[in-house]
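Given next are the chains, with one letter for each unit.
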Amino acid sequence: MTTEFKKVAAIRGMNDVLPDASHAWEAIEEILRQWLKQYGYLNMRSPVLEHTRLFTRGIGEVTDIVEKEMYTFVDSLNGESLTLRPEFTAGLVRATIEHNLLYDRPRRIYSMGPVFRHERPQRGRYRQFHQLDVEALGFAGPDVDAELILMTARLWALLGIDGIELELNSLGQLAERQAHREALIKHLEAHRDVLDEDGQRRLYTNPLRVLDTKNPAMQEMANSAPKLFDFLGDESRAHFDGVCQRLDDAGIRYRLNPRMVRGLDYYNLTVFEWVTDKLGAQATVCGGGRYDDLIALLGGKPAPAVGFAIGMERLLDLWNQCQPAQAPSECEVYLIHQGEAAQRQAARLAEKLRDAGLSVIVHASVTGSANFKAQFKRADASGAQIAVILGEDELASEQASIKWLRAEPSQAQQQRVAFAELAQYLQGQLDKVSGKKV
Ligand code: ATP
Ligand code: MG
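Think of each chain on its own: its residues are numbered from 1, step by step along the sequence as written. Going through the entries in the order they are written, you letter the chains from A and number the ligands from 1. In keeping with the predicted nature of the model, local features appear solely for residues at pLDDT of at least 70, side-chain atom pairs appear and are counted solely at 80 or more, and the whole-chain, interface and lining totals rest on all residues. Remark: hydrogens and water are excluded; side-chain values derive from all non-hydrogen atoms of the structure.

1. A look at the domain arrangement of the protein chain
Put simply, the test is: Residue ranges for the domains trace back to a domain assignment, done automatically or taken from a database.
Per the domain assignment, the segments of the protein chain are domain 1 (19-172 + 232-322) and domain 2 (333-431). Here domain 1 and domain 2 have C-alpha centroids that lie 48 Å from each other.

Right, here's the structure in full:
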């Protein structure tokens, strides 16, 4: 006897990717891997769980992520505080230090996978979401900042995504930020009455982050605040100009956004975001910047670094808006059969076809048997190009019947094909419809 079980639903803000949608995920991941390869980036994978203090140190205590978005819990087995990664950079930098990856040369790496933030779920904002994270570790010059930005611009072109704009800023160096900070605190003190709760709390702990507010009531105060950009010294300006020149060389348009500070604490010099108005309230698809102090902050030998992250759900949303939806197909060839002998022959033939590299489904159903009509319906729903039919006649003559379910190649008159030649025949026909050279 089974006891009654209350159905379990997914956790709020954590999505299932169903088979129809996973097609687009796989397609875009494939494009991303090819594109990353073109720029010489190698994959690196780090754990989903890390020690909490990695993130409090690496992201910064006074940030949205650390203050209120992390999934943190105590490991009941040993009392350690652990956190589900809310972003990739801290974990990848930890691994880089731990394995001494930068000992002989700089590295270009990327990682893709789920990250976790406890936010209010809405379109483009989830509690488990996915990022593609790209990091150039050990490079100091504006050439690499520009290369990363060029790279993202190429991606939009590859995916046919338009209506996306580049915003750029420079956060300078620590001393410049400190000089600006003093001026900014004076400004915030003078406008104390419009500061919301976060703003009040961060006034002295992280005044720069007060400007990164989405609160409409604070926009005017933020717009009139002293701009960090005006506090930059010659070196910082030269770095910024170096980035801009290279973007100009490549014909990439950008807008200086002196208020962009990015959500994480560790950035310096170049920061950038790609924004769009095609995603409702969520504007940013990709954000990144330079973080020359992070490696040392996490205990490594000082080394400069620059990187970006793309929100995969937002990227897919954009991509789906810019290209016609493609129904995924389960297989190329669907095998239909009648009777037990034909079913067994179908299974043997299917293995032969798979030996030849074809993707094949042999009809199967709850009852184990179905009439031809029901089987054809399933064959059609599978998205297969071709149905192969095995009935009594076919078994007796050792020839399979062929039926095209979709566009037929011009010289495909042949209706019966000997079992022994089936794999070669189907392979040739499918190459023709897919436009491959045979
Ligand atoms: P936002 O201002 O939208 O909260 P962020 O500055 O917190 O973004 P980053 O930490 O820079 O975002 O993360 C990189 C990218 O990951 C973002 O540009 C966005 O595309 C995506 N992203 C961030 N948070 C979420 C989320 N909760 N759900 C889905 N995608 C997200
Ligand atoms: Mg955020």
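2. A short note on helix H16 (residues 419-433)
Side chains of residues three or four places apart in an α-helix project in the same direction, reflecting 3.6 residues per turn. Put simply, the rule reads: Counting from the N terminus, the helices are the DSSP runs of H or I reaching at least four residues and the strands are the DSSP runs of E reaching at least two. One fewer than the residue count of a helix, multiplied by 1.5 Å, yields its expected span. Partly exposed residues are those whose accessible area sits between 20% and 50% of the maximum for their type, while under 20% is buried and over 50% is exposed, using a 1.4 Å probe and protein chains only. Residue contacts are defined here by distance: any two heavy atoms, one from each residue, within 4.5 Å place the two residues in contact.
Compared with an ideal rise of 1.5 Å per residue, which puts 15 residues at 21 Å, H16 spans 22 Å between its outermost C-alpha atoms and is within 8% of the ideal. Along H16, the residues classified as buried are Phe419, Leu422, Ala423, Tyr425, Leu426, Gln429, Leu430 and Asp431. Buried residues along H16 sit against strand S12 (333-337), helix H13 (340-355), strand S14 (386-390), helix H15 (392-397), strand S15 (399-404) and strand S16 (416-418).

3. Topic: the site of ligand 1
To keep it simple, the criterion reads: We call a residue near a given molecule or strand whenever any one of its heavy atoms falls within 4 Å of it. In protein, a polar contact requires one atom able to donate a hydrogen and another able to accept it; more generally it is a pair of N or O atoms within 3.5 Å, and residues adjacent in sequence count only if both atoms are side-chain atoms. Computed with a 1.4 Å probe, the accessible areas rest on the Shrake-Rupley method; for each residue, only the protein chains presented here act as cover. Each residue is assigned to one of three groups, with Ala, Val, Leu, Ile, Met, Phe, Trp, Tyr, Cys and Pro labelled nonpolar, Asp, Glu, Lys and Arg labelled charged, and all others, Gly among them, labelled polar.
Around ligand 1 sit 15 residues in total, of which Arg117, Glu119, Arg125, Arg262 and Thr284 are the nearest. Between arginine 125 and ligand 1, the recorded distance is 2.8 Å, taken from a side-chain N or O atom to an oxygen atom. Coverage of ligand 1 by the protein chains reaches 91% of its 590 Å² of free accessible surface. Mapped by element, the contributors of at least two residues to the shell around ligand 1 are strand S6 (128-137), strand S10 (284-290) and strand S11 (305-311). Top contributing element to the shell around ligand 1 by residue count: S10, with 3 residues. Here the residues of the shell around ligand 1 sort into 5 nonpolar, 4 polar and 6 charged.

4. Re the pattern of salt bridges
What counts, and what does not: Here, a salt bridge means any Lys or Arg side-chain nitrogen found within 4 Å of an Asp or Glu carboxyl oxygen.
If you walk through the whole model with that rule in mind, you get 21 salt bridges. Of the charged contacts, one joins arginine 94 and glutamate 50 as a salt bridge, the two residues approaching to 2.8 Å between their closest N and O atoms. A residue pair is termed long-range when its members are at least 10 positions apart, and arginine 94 in helix H4 (residues 89-98) and glutamate 50 in strand S2 (residues 49-51) qualify at 44 residues. A residue is classified by how much of its surface remains accessible, and arginine 94, at 21% relative accessible area, is partly exposed. Owing to a relative accessible area of 7%, glutamate 50 belongs among the buried residues under this scheme.

5. Digging into the packing of aromatic side chains
Quick note on the threshold: What counts as a ring pair is set by centres within 6.5 Å for rings of Phe, Tyr and Trp (its six-membered ring), and what kind of pair is set by the plane angle: stacked under 30 degrees, edge-to-face over 60, tilted for all other angles. Whether a charge sits over a ring depends on NZ of Lys or CZ of Arg being within 6 Å of the ring centre and within 35 degrees of the ring normal.
All told, the structure shown has 3 aromatic pairs when counted by the stated rule. With 5.0 Å between their ring centres and 75° between their planes, phenylalanine 229 and phenylalanine 240 make a pair best called edge-to-face. Residue phenylalanine 229 is found in the loop between helix H9 (219-223) and helix H10 (234-249), and its partner phenylalanine 240 is found in helix H10; the two are separated by 11 residues along the sequence. As far as the burial class goes, phenylalanine 229 and phenylalanine 240 line up, both buried. Ring centres of phenylalanine 272 and phenylalanine 308 lie 6.3 Å apart, and the angle between their planes is 65°; on these two criteria the pair is classed as edge-to-face. Of the two residues, phenylalanine 272 is situated in strand S9 (residues 268-276) and phenylalanine 308 in strand S11; the sequence distance between them amounts to 36 residues. A relative accessible area of 2% means that phenylalanine 308 is categorised as buried. One Lys or Arg, lysine 403, reaches over the ring of phenylalanine 376 and ends 5.7 Å from the middle of that ring.

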